[in-house]
There are 2 protein chains.
Amino acid sequence: MREFMNITKALADENRVRALLALRKGELCVCQITELFGLAPSTISKHLSILFQAGLVESRKEGRWIYYQLPGKNAPVVVREALDWIQKALADNPQVLADNQQLKKILKQDPAELCQRQCKK
Amino acid sequence: MREFMNITKALADENRVRALLALRKGELCVCQITELFGLAPSTISKHLSILFQAGLVESRKEGRWIYYQLPGKNAPVVVREALDWIQKALADNPQVLADNQQLKKILKQDPAELCQRQCKK
DNA sequence: TTTACATTTCGCTGTATGGCGAAATAAAGA
DNA sequence: TCTTTATTTCGCCATACAGCGAAATGTAAA
């Protein structure tokens, strides 16, 4: 039950749901998500930590960057069904579509430059 | 998005999830759920109100009693899928099984007597 | 080594939420 | 009508949580 509630609590925040949907396009580093949402890096980090604890994202370290991504086929059924559920419910949501557009612009930018700008703020 | 977040926030409380699973057996009045969880009637009422706002339960008034039940076939897809999800995830959960046992005992009792005891507390 | 930098952790603040009991509401019964 | 009673609403308290900035951590570059 604890595990399941970790998932529902993780899904009970709009920014975390938006983050999960943004990750559909592939892995993202913290500063890319930070840029997308316009929140403080520490805030984004905390959100990702909560998603990670719930098993809703995986993480991969590459040098100084940490990339987050949606879990693979080996993820628990309850997790995959949760992700399918929000995907289906919000695929054509205006906010989510806007995030997708914004994300495209972010992905065109050099991640290194992006992160530098984030850190200077 | 607001609608969807109403659902995820409603599911982010363990007692509300337990209530939804208890309702699988059929409609229940407030005092029956109160008896099941051992919380104050006002607390249960608030929880049911939140589930109702999210569209996760329907209600039916019969005299002084108000019966709550899971939504029917006409419920939005996103709601039905949410209910299927938690049902599948927690069908064999110890807490949920214990609730089922307890619920059987409660359903054997006369609702009128049950409610009277609740209100005297 | 030092410095730079991406991310996390920590401490704090304001707001949201679960819990209760008391009062309000609404419907049945005396 | 006047009680009784099932439920809701309201006001309160304690806790949980999202947000930030500053400090800490760990890794790469100089």
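The structure we're discussing is the one just above.
Read on for an overview of the structure. This is a predicted model, so every value here is computed, not measured. Counting from 1, residues in each chain are numbered in the order their sequence is written. Here chains are named by letter from A upward and ligands by number from 1 upward, in the order in which they appear as written. Thresholds applied to this predicted model are a pLDDT of at least 70 for local features of residues and 80 or more for the giving and counting of side-chain atom pairs; totals over whole chains, interfaces and linings are not thresholded and use all residues. With hydrogens and water excluded, all non-hydrogen atoms of the structure serve as input to the side-chain values.

A look at the protein's contact with DNA strand D
To keep it simple, the criterion reads: What makes a residue near a molecule or strand is one non-hydrogen atom of that residue sitting within 4 Å of it. Polar contact is the term for a pair of N or O atoms within 3.5 Å; when the atoms are in protein, one must be able to donate a hydrogen and the other to accept it, and sequence-neighboring residues count only if both atoms are side-chain atoms. For helices the rule is a DSSP run of H or I covering at least 4 residues; for strands it is a run of E covering at least 2, with both sets numbered from the N terminus onward. Only Asp, Glu, Lys and Arg are considered charged, only Ala, Val, Leu, Ile, Met, Phe, Trp, Tyr, Cys and Pro nonpolar, and every remaining residue, Gly among them, polar.
Neighbouring residues of DNA strand D: 27 residues in total, closest Ala40(A), Thr43(A), His47(A), Ser45(B) and Tyr68(B). The sugar-phosphate backbone supplies 74% of the atoms of DNA strand D found within 4 Å of the protein. For DNA strand D, a phosphate oxygen lies 2.7 Å from a polar atom in the side chain of Thr43(A). Between a phosphate oxygen of DNA strand D and a main-chain N or O atom of Ile66(B), the distance comes to 3.4 Å. Take the surface near DNA strand D: its biggest share by element is five residues, from helix H4 (residues 41-53) of chain A. Residue classes in the surface near DNA strand D are distributed as 13 nonpolar, eight polar and six charged.

A word on the nonpolar core
What counts here: Nine residue types can take part in a nonpolar core, namely buried Ala, Val, Leu, Ile, Met, Phe, Trp, Tyr and Cys, and a core is a set of them joined through side-chain atoms within 4.5 Å. Exposure is judged per residue with a 1.4 Å probe applied to protein chains only, and the accessible area is read against the type maximum: over 50% gives exposed, under 20% gives buried, and values in between give partly exposed.
In terms of nonpolar packing, the biggest core is built from 69 residues, with Ile7(A), Leu56(A), Trp85(A), Leu11(B), Leu56(B) and Trp85(B) touching the most fellow members. With seven residues, the top contributor of residues to this core is helix H5 (residues 77-90) of chain A.

Some points on the state of the cysteines
Residues and elements named next belong to chain B. Using the following cut-off: Throughout, a disulfide means two cysteine sulfur atoms within 2.5 Å of one another.
The tally for this structure, following the rule as stated, stands at one disulfide over all chains. Shown here is the disulfide that connects Cys31 with Cys115, its sulfur atoms set 2.0 Å apart. Of note, the bridge from Cys31 to Cys115 carries an S-S torsion of about -50° and is left-handed in sense. In this pair, Cys31 sits in helix H3 (residues 30-37) while Cys115 sits in helix H7 (residues 111-120), placing the two residues 84 residues apart along the sequence.

Here we look at the sheet that holds strand S3 (residues 65-69) of chain B
All names here are of chain B. To keep things clear, this is the line we draw: Only strands that DSSP links by at least two bridges are regarded as paired with each other.
Taken in spatial order, the three strands of this open sheet run S1-S3-S2, and their pairing is antiparallel. In the strand order of this sheet, the two ends are held by strand S1 (28-29) and strand S2 (58-62), each with one partner. In the sheet, S2 pairs with S3 via five bridges, with the strands oriented antiparallel. Bridge pairing in S3 places Ser59 opposite Tyr68.

Some words on the environment of Ile66(A)
All names here are of chain A. Stated precisely, the cut-off is as follows: Residue contacts are counted whenever heavy atoms from the two residues lie within 4.5 Å of one another.
Here Ile66 is to be found in strand S3 (residues 65-69). The class of Ile66 is partly exposed, set by a relative accessible area of 32%. Placed 36 residues apart in sequence, Ile66 and Val30 show a C-alpha to C-alpha distance of 6.7 Å. The residues contacting Ile66, other than those within four sequence positions of it, are Leu28, Cys29, Val30, Ser59, Arg60 and Lys61.

Here we look at the interface of chain B and chain A
Note the threshold: Buried area adds together the accessible area that both of two parts lose upon being put together, with accessible area traced by a 1.4 Å probe. For this document, the term salt bridge refers to a Lys or Arg side-chain nitrogen within 4 Å of an Asp or Glu carboxyl oxygen.
Each side of the interface is counted separately: chain B has 24 residues, and chain A has 24 residues. For the chain B face of the interface with chain A, the top three residues by lost area are Met1(B), Phe4(B) and Trp85(B), together amounting to 39%. Summed over the shared surface of chain B and chain A, the number is two salt bridges. A salt bridge links Glu81(B) to Lys88(A), with the shortest nitrogen-to-oxygen separation between them at 2.6 Å. At the surface where chain B touches chain A, the tally comes to eight residue pairs in polar contact (both at pLDDT 80 or more). Elements with a contribution of two residues or more to the side of chain B that touches chain A: helix H1 (2-10), helix H2 (14-22), helix H5 (77-90) and helix H6 (94-108) of chain B.

So, the packing of aromatic side chains
To keep things clear, this is the line we draw: Each Phe, Tyr or Trp ring (for Trp, its six-membered ring) is paired with any other whose centre lies within 6.5 Å, and the angle between the two planes then decides the class: stacked below 30 degrees, edge-to-face above 60, tilted in between.
Counted according to the given criterion, the structure contains three aromatic pairs over all chains. With centroids separated by 5.7 Å and ring planes inclined at 20°, the aromatic side chains of Trp85(A) and Trp85(B) adopt a geometry described as stacked. Placement of Trp85(A) in helix H5 and of Trp85(B) in helix H5 is noted, with the two residues assigned to different chains. Counting every residue linked through ring pairs, the aromatic cluster contains Phe4(A), Trp85(A), Phe4(B) and Trp85(B).

Shape descriptors only; they carry no functional weight alone.
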